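# Architecture and fold: a report
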Amino acid sequence: MIKLSHCFFKSVLSFAIASGLASTGASADGESAKSDLARLQEELISTEDPVVRSFVLSSIEQLAAEGNNKALIFLGDAFRDGRGVTVDGARSIAHFKKAAENGNALALGRLGDLFREGKVVEASPELAALYYQRAVESGLESAKLRLGEALVRGLGVKVDTARGMALLREVSDSGQAA
């Protein structure tokens with residue numbers, strides 16, 4: 001019972017700090033909120049107590065509801081991979097879509113990955129290519145690799161070898177090839 005109380009107290013304190021109910025004295029540039037979100041993420045993944053997990057998940061979901069893109073991406077990843085939560089493709093997509101609506105290019109790339117891989121949702125090369133295209137247009141350099149591959153191989157799009165190879169060369173020249 002003491003362990004539960006200690007974990008619960010840490011979670012309540014983390015939530016209070018993250019939501020602005022308490023102050024850490026950190027700078028106003030958001031460093032405090034970033035570290036508080038990181039603590040909540042770590043707590044969600046590491047705790048085995050369902051009560052604490054539920055509270056921490058609610059805390060992160062509150063940050064996501066307020067438009068925190070880092071929280072949205074984390075939740076999208078968590079529901080995709082089952083980190084601290086049960087795998088839920090629909091919830092993963094919903095979090096990524098909300099971050100994408102907020103202008104987050106990484107979320108567009110993650111959506112492309114979901115539909116390319118087809119692990120938690122039905123694979124759709126067409127949707128994957130669409131999301132990769134939007135991610136590239138939004139400035140996500142790493143999406144060029146996936147879009148280039150789709151264009152060269154005709155995965156969900158009409159084959160456009162010249163454009164696909166140009167994107168792949170850009171990735172190679174930038175040193176971001178994975």
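Residues numbered from 1 in each chain as written. Predicted model: local features only at pLDDT ≥ 70, side-chain atom pairs only at ≥ 80, totals over all residues. Heavy atoms only, no water.

### Thoughts on the pattern of salt bridges
Enumeration over the complete set of coordinates arrives at 11 salt bridges. Between Arg 80 and Asp 81 there is a salt bridge whose closest N-O contact spans 2.7 Å. Note that Arg 116 and Asp 113 form a salt bridge whose closest N and O atoms lie 3.8 Å from each other. Of the two residues, Arg 116 and Asp 113 both sit in helix α6 (residues 105-117), 3 residues apart, roughly one turn of that helix. (Salt bridge = Lys/Arg side-chain N within 4 Å of Asp/Glu carboxyl O. Helix = DSSP H or I, 4+ residues; strand = E, 2+ residues; numbered from the N terminus.)

### Overview of helix α5 (residues 89-101)
Along its 13 residues, α5 runs 18 Å from first to last C-alpha, staying within 8% of the 18 Å computed at 1.5 Å per residue. On the buried face of α5, the contacting elements are α3 (50-65), α4 (69-81) and α6. The opening residue of α5 is Asp 88, an N-cap whose side-chain oxygen sits 3.2 Å from the backbone nitrogen of Ala 90. One or two positions beyond α5, positive phi appears at Gly 103, with a value near 90°. (Expected span 1.5 Å × (residues − 1). Contact = heavy atoms within 4.5 Å. Polar contact = N/O pair within 3.5 Å; in protein donor to acceptor, adjacent residues only side chain to side chain.)

### Concerning the confidence of the model for the protein chain
Looking at the protein chain as a whole, the pLDDT averages 86, with 80% of positions reaching at least 70. Per-element confidence in the protein chain ranges from a low mean pLDDT of 51 for helix α1 (residues 2-18) to a high of 98 for helix α7 (residues 125-137). Counting contacts from residues 19-30, a segment whose pLDDT is below 50, to residues more than four positions away or on other chains yields 7 contacts. (pLDDT = per-residue confidence, 0-100.)

### Section: the nonpolar core
Among the nonpolar cores identified, the biggest contains 38 residues, and Leu 44, Ile 60, Leu 75 and Leu 111 are the most heavily contacted of them. Listed by contribution, the elements that provide at least two residues to this core are α2 (31-46), α3, α4, α5, α6, α7 and α8 (143-153). With 7 residues, the top contributor of residues to this core is α4. Beyond its immediate sequence surroundings of up to four residues, Leu 111 is in contact with Ile 93, Phe 96, Lys 97, Ala 100 and Tyr 131. (Core = buried A, V, L, I, M, F, W, Y, C linked by side-chain atoms within 4.5 Å. Buried < 20%, exposed > 50% of the residue type's maximum accessible area, 1.4 Å probe, protein only.)

### Some thoughts on the environment of Ala 90
Within the secondary structure layout, Ala 90 lies in helix α5. A relative accessible area of 58% places Ala 90 in the exposed class.

### Regarding α4
Given a rise of 1.5 Å per residue, 13 residues ought to cover 18 Å, and the 18 Å separating the end C-alpha atoms of α4 matches this to within 8%. Among the residues making up α4, those that are buried are Ala 71, Leu 72, Ile 73, Phe 74, Leu 75, Gly 76, Asp 77, Ala 78 and Phe 79. The distance from a side-chain oxygen at the start of α4 to the backbone nitrogen of Lys 70 is 3.0 Å, and the residue carrying that oxygen is Asn 68. Gly 82 occupies a position one or two residues after α4 and carries a positive phi of about 75°.

### What about the environment of Gly 109?
Of note, Gly 109 is situated in helix α6. Along the backbone, Gly 109 and Arg 146 are 37 residues apart, and their C-alpha atoms lie at a distance of 9.0 Å. If we ignore the near neighbours within four places in the chain, the residues touching Gly 109 are Tyr 132, Ala 135 and Leu 140.

### Observations concerning the side chain of Gln 41
Inspection of the secondary structure assignment puts Gln 41 in helix α2. Residue Gln 41 is classed as buried on the basis of its relative accessible area, which comes to 18%.

### Focus on the packing of aromatic side chains
Tallied over the entire structure, the rule returns 1 aromatic pair. Between Phe 115 and Tyr 131, the ring centres sit 6.0 Å apart and the planes meet at 15°, which makes this aromatic pair stacked. Taken together, the residues Phe 115 in helix α6 and Tyr 131 in helix α7 connect sequence positions 16 residues apart. For the pair shown, Phe 115 and Tyr 131 are each scored as buried. (Phe/Tyr/Trp six-rings, centres within 6.5 Å; stacked < 30°, edge-to-face > 60°.)

### Here we look at the packing of α8 against helix α9 (residues 161-174)
Relative orientation of the contacting elements α8 and α9 amounts to 155°, with a least axis distance of 7 Å. The angle between α8 and α9 places the two elements in the roughly antiparallel class. The handedness of the crossing between α8 and α9 is left-handed. Contacts between α8 and α9 involve Lys 144, Leu 145, Leu 147, Gly 148, Glu 149, Leu 151 and Val 152 on the former and, on the latter, Thr 161, Arg 163, Gly 164, Met 165, Leu 167, Leu 168, Glu 170 and Val 171. (Axes fitted to C-alpha atoms, helices over the stretch in contact; angles between N-to-C directions. Parallel < 35°, antiparallel > 145°, perpendicular 65-115°, else oblique. Left-handed = near helix turned anticlockwise from the far one by under 90°.)

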